[in-house]
Amino acid sequence: MPGSSRREYHVDLHIHTVLSACAEVEMIPPLIVEEALHKGLHVIAVTDHNASGNVTAVMEAAAGTGLAVLPGMELLTQEEVDVLCIFDTVEQAQTWQAQVDGWLLPLDNDAEHFGPQFLVDAAGDFVAEDARMRKVPAKVGIEEATRAVHALGGLVIPAHVERDVYGLLYVLGFWPPDLEADAAEVSHNLRPSQAYAQYPSLRDIPVISNSDAHFLDWIGHTRTVFRLEASPSVASLRASLRQGAGQGFYVP
Amino acid sequence: MQIGEIVEKLGLTVLVGEDLTAEVTGGYVADLLSCVIAGAKPQDLWVTLQTHVNIVAVASLKEVAGIVVAESAVVPAATLEKAAQQGVVMLSSSQPVYETVKQLVALGL
């Protein structure tokens, strides 16, 4: 965009790795990075279910490629609402992970029924299997979780809000008036304009869309274009969200 | 049957509610609030494990007689405050949802 300090970034803030029991085994760092670049993405966030153990590996795999990788998590709250928590640094993600681990029931993952949860390195090679059952609700309410992520400097985006599984609007009926989340994510099934028409409680909330990729080909399938005034970060993404749809971002 | 009579017979704890004279004519069970919005009827007693503050607005909207939180689930302060503001009766049962509903059915609801 000549004459403007803004640049358009293609962003997909919802991507799973093999640490999510429901993700395909191909979701390893080098392939995720390759696919994201191939799809023309500039920024991705790694968001496994109640887990962040593979964020460093994906960030390392992306080093030097021009792809920005933000460390994140898809938190399942006690209301059974999925919420994207996105940070700038691995340290923030690890601090958040320690809090979330304290809220999870101490159950073992049944890999045979739910799928295995793999920790891998930047090359995608096996490091360990995460034995803890991750996809269970954490004992934290969505408002408290939002305050905690914000206190750490992160971004809070309830995921696929219109979906009938773990979607905020389905579980909680409408957007809670006191929820201070940064945006709402709709799935590929719904355009933001349709979301505003169908769900009046979203009126004042920025609505974005991400892929929620559990397999490679889906990465970037749905994305949001952000017009950022600075390099990609929680702060620059939030600034664009606050400028509103059209100005700060749009869903192509 | 008045809500106060149900409180007494089931040994429920009153979390919020001074006036327990509201008439209960039926019941509804769900934790997904979009289902409650679609399905609950006025004067139902709503049994749930959902404790998010949105339950108060849904109870108000549907004009249910009151909310019974089952299994002694912990109700956040924000929910209790909103219920007090909106005049929504909130009760707590130490029993799971299934047992609570059986007891309501035994009362003739």
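Here, every reference points to the structure presented above.
What comes next concerns the included structure. Just so you know, these numbers come straight off a predicted model, no measurement behind them. (Residues numbered from 1 in each chain as written. Chains lettered and ligands numbered in written order. Predicted model: local features only at pLDDT ≥ 70, side-chain atom pairs only at ≥ 80, totals over all residues.)

## Observations regarding the packing of helix H1 (residues 29–38) of chain A against helix H2 (residues 55–62) of chain A
Residues and elements named next belong to chain A. The test is simple: Axis lines are fitted through C-alpha atoms, for helices just across the contact stretch, and the angle between N-to-C directions can take any value from 0 to 180 degrees. Strands are runs of DSSP state E lasting at least 2 residues, helices are runs of H or I lasting at least 4, and numbering of each runs from the N terminus. Just so you know how the angles are binned, under 35 degrees is roughly parallel, over 145 roughly antiparallel, 65 to 115 roughly perpendicular, and the rest oblique. By the definition used in this description, the sense in which the near helix is turned from the far one sets the handedness, with an anticlockwise turn below a right angle giving left-handed and a clockwise turn giving right-handed. For the purpose of contact definition, each residue receives a C-beta atom placed from its backbone, and two residues are in contact when these atoms lie within 7 Å. Any residue outside Ala, Val, Leu, Ile, Met, Phe, Trp, Tyr, Cys, Pro, Asp, Glu, Lys and Arg is labelled polar, Gly included; the first ten of those are nonpolar and the last four are charged.
Packing of H1 against H2 leaves a shortest axis separation of 8 Å and a crossing angle of 55 degrees. Regarding the angle of H1 to H2, the classification is oblique. As H1 runs across H2, the sense of the crossing is right-handed. Across the interface between the two elements, Pro29, Pro30, Ile32 and Val33 of H1 pack against Ala57, Val58, Ala61 and Ala62 of H2. For the contact of H1 with H2, the class distribution of residues is eight nonpolar, no polar and no charged.

## Details of the sheet that holds strand E4 (residues 82–86) of chain A
All names here are of chain A. Applicable threshold: The rule for pairing is simple: two strands pair if DSSP sees at least two bridges between them.
Spatially, seven strands are ordered E7-E4-E3-E2-E1-E10-E11 in an open sheet, and the strand pairing comes out mixed. Single-partner strands in this sheet number two, and they are strand E7 (155–158) and strand E11 (249–250). With five bridges joining them, strand E3 (residues 68–76) and E4 adopt antiparallel strand pairing. Across the sheet, residue Glu74 finds its bridge partner in E4, namely Leu84. Against the sheet, H2 touches strand E2 (43–46) and E3, its axis set at about 160 degrees to E3. Packed onto the sheet, helix H3 (residues 90–103) meets E3 and E4 and runs at close to 10 degrees relative to E3.

## Remarks on the interface of chain B and chain A
Contact residues are listed per partner, giving 10 residues for chain B and nine residues for chain A. Among the elements of the structure, helix H2 (33–39) and helix H3 (54–62) of chain B are those that each provide at least two residues to the side of chain B that touches chain A. In terms of residue count, H2(B) provides more of the side of chain B that touches chain A than any other element does, three residues in total.

## A short note on the sheet that holds strand E5 (residues 90–92) of chain B
All names here are of chain B. Strand order in the open sheet made by the five strands is E1-E5-E4-E3-E2, with mixed pairing throughout. Two strands in the sheet have a free side with no partner beyond their single neighbour: strand E1 (13–16) and strand E2 (26–29). Strand after strand, the sheet turns through a mean of 30 degrees between neighbouring axes, direction not considered. Sheet analysis places strand E3 (residues 44–48) next to strand E4 (residues 66–69), joined by four bridges and oriented parallel. Each residue of the ladder has a partner; that of Trp46, found in E4, is Ile67. Packing of helix H4 (residues 77–86) onto the sheet brings it into contact with E1 and E5, and relative to E1 it is tilted by some 80 degrees.

## Concerning the environment of Ala40(B)
Residue and element names in this part refer to chain B. Tracing the backbone through its elements, the reader meets Ala40 in the loop between H2 and E3. For the pair Ala40 and Thr51, spaced 11 residues apart in sequence, the C-alpha to C-alpha distance is 17 Å. The residues contacting Ala40, other than those within four sequence positions of it, are Tyr28, Trp46, Lys62 and Val64.

## Observations regarding the nonpolar core
Stated formally: Put simply, a nonpolar core is a cluster of buried Ala, Val, Leu, Ile, Met, Phe, Trp, Tyr and Cys residues tied together by C-beta atoms within 7 Å. Exposure criterion: with C-beta atoms placed from backbone coordinates, a residue whose C-beta has 20 or more other C-beta atoms within 10 Å is buried, one with 12 or fewer is exposed, and one in between is partly exposed.
Judged by nonpolar contacts, the single largest core of 104 residues is most densely connected at Val58(A) and Ile67(B). Among the elements that line this core, the one with the most residues is H2(A), at six residues. Once residues within four sequence positions are removed from consideration, Ile67(B) is found in contact with Trp46(B), Thr48(B), Ile55(B), Ala59(B), Val88(B), Met90(B) and Leu91(B).

## Considerations on the pairing of E4(B)
The two faces of the sheet receive side chains in turn, since in a regular strand these alternate between them. Residue and element names in this part refer to chain B. Heads up, the rule is: Handedness of a crossover is defined as follows: with both strands directed away from the viewer, a clockwise route from the first strand across the helix to the second makes it right-handed.
Of the two faces of E4, the one lined by Gly66 and Val68 and the one lined by Ile67 and Val69 are each fully buried. Taken together, E3, H3 and E4 constitute a β-α-β crossover, and its handedness is right-handed. Inspection of the sheet shows E4 paired to E5 by three bridges, in the parallel sense. Within E5, the position partnered with Val68 by the bridge is Leu91. Once the chain exits E4 it traverses H4 before rejoining the sheet at E5, and the crossover so formed is right-handed.

## Some thoughts on unusual backbone geometry
Of note in the backbone geometry, Glu80(A) takes a positive phi value of approximately 70 degrees without being a glycine. Looking at the secondary structure, you find Glu80(A) in the loop between E3 and E4. Unlike most non-glycine residues, Glu71(B) shows phi in positive territory, near 55 degrees. Summarising the element assignment, Glu71(B) is placed in the loop between E4 and H4.

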